[in-house]
Amino acid sequence: MPETHSAHTDAETLIRALDAAENAPGAATLRARSYELLRLSTGATVVDVGCGTGRAVAELAGRGARAVGVDLDPAMLAAARDRFPELDLRAADAADLPLGAGEAQGYRADKVYHVLPDPAAALVEARRVLAPGGRIVLLGQDWDTMVIDSDQGALTRRIVHARADTIRHPRVARAYRNLLLDAGFREVELEVHTMVFTDASTLPLLAGHAAAACNTGAISDEEAEGWVGEQTRRAAAGRLLLAVPMFLAAGTR
């Protein structure tokens, strides 16, 4: 029973974090840019890999695409189906998609590749499901390159790097271009957009970073408490700043 409760709580926390990220200033513009890079015609099939709660799938469908969302997380799929019961949402692994060879004209993965066991294998599968001329778009953050304003620069660097080290592939986003080239995609292009956060809604994310760094032994409980306290005071005074580079890569099958 405690494990089930913990898993449920973790899922709710992740969903809240994703909702906050999707509602952040500039997030809708960045999603729209990813849709533009897909270059989809009306009725074209597009798969959103790691679709989470389904917002991008719904937005792609609203643009006239035949959008398919896939995710391995049952809690995410349940939330997506509750919010968007009309969508085509399927449980599937990024390396084993429920589409035929050449069935899709578009492939999109947003904030997903950093948690995949094998990003290169996912790209092999992306090439399989994409028709010739189909477009792939990858979007994600570099976990090792967050900019956080703080009076404690050395401690902040330790927190950022320690948090990054808890991610399976924390720097995969900066490798998107080379991964696409290595996988045989052409017309590969890369853009970097900066997400800027300045309000108190960012505090849970920063506190989570400090907690992760503390759990790894990179910082002490006292350092974590003091750092989060500083960020809380900054938020109360309207002086908080978090900047996150988002890498957006696209290519053609």
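One can find the structure itself at the top, above this paragraph.
For the structure given in this document, a descriptive report is provided here. Everything quoted here is computed from the prediction, not taken from an experiment. (Residues numbered from 1 in each chain as written. Predicted model: local features only at pLDDT ≥ 70, side-chain atom pairs only at ≥ 80, totals over all residues. Heavy atoms only, no water.)

As for the packing of helix 2 (residues 27-38) against helix 3 (residues 55-62)
In a pair of packed helices, the angle between the axes and the distance between the axes together describe the arrangement. The contact between helix 2 and helix 3 brings their axes to 11 Å, and the two run at 55°. Relative to helix 3, the element helix 2 is oriented oblique. Here helix 2 runs over helix 3; the crossing is right-handed. Each of R31, Y35 and L38 in helix 2 lies in contact with helix 3, whose residues at this interface are R55, A56, E59 and L60. When its residues are assigned to classes, the contact of helix 2 with helix 3 shows four nonpolar, no polar and three charged. (Axes fitted to C-alpha atoms, helices over the stretch in contact; angles between N-to-C directions. Helix = DSSP H or I, 4+ residues; strand = E, 2+ residues; numbered from the N terminus. Parallel < 35°, antiparallel > 145°, perpendicular 65-115°, else oblique. Left-handed = near helix turned anticlockwise from the far one by under 90°. Contact = heavy atoms within 4.5 Å. Nonpolar A, V, L, I, M, F, W, Y, C, P; charged D, E, K, R; others polar.)

Considering the pattern of salt bridges
Between side chains of opposite charge, a pair can form when the charged atoms approach closely. Tallied over the full model, the rule gives 19 salt bridges. Across the salt bridge formed by R31 and E59, the nearest N and O atoms sit 3.0 Å from each other. Linking R31 in helix 2 with E59 in helix 3, this pair joins segments that are 28 residues apart in sequence. By relative accessible area, E59 is classed as partly exposed at 27%. Put simply, R39 and E187 hold a salt bridge, and the shortest N to O gap is 3.7 Å. Here the residue R39 occupies a position in the loop between helix 2 and strand 1 (45-49), and E187 occupies one in strand 7 (residues 186-197), the gap between them amounting to 148 residues. Taken together, the shared-partner salt bridges connect R39, R135, R186, E187 and E189 into one network. (Salt bridge = Lys/Arg side-chain N within 4 Å of Asp/Glu carboxyl O. Buried < 20%, exposed > 50% of the residue type's maximum accessible area, 1.4 Å probe, protein only.)

Digging into helix 3
Those residues of helix 3 lying buried are A56, V57, A58 and L60. Lining the buried residues of helix 3 we find helix 2, strand 1, strand 2 (66-71), strand 3 (88-91) and strand 4 (104-110). Directly beyond the C-terminal end of helix 3, a positive phi value near 100° is found at G64.

Observations regarding the nonpolar core
Counting 46 residues, the largest nonpolar core has L89, M195, I219, W227 and L242 as its most contacted members. Ranked by size, the runner-up nonpolar core spans 30 residues in total, among them A94, L130, V172 and L179. (Core = buried A, V, L, I, M, F, W, Y, C linked by side-chain atoms within 4.5 Å.)

Section: the environment of V160
Relative to the helices and strands, V160 resides in helix 6 (residues 153-164). Relative accessible area serves as the criterion here: at 4%, V160 is assigned to the buried category. With 46 residues separating them in the primary sequence, V160 and L206 have C-alpha atoms 9.5 Å apart. When near neighbours in sequence (up to four residues on either side) are disregarded, V160 contacts W143, D144, M146 and I148.

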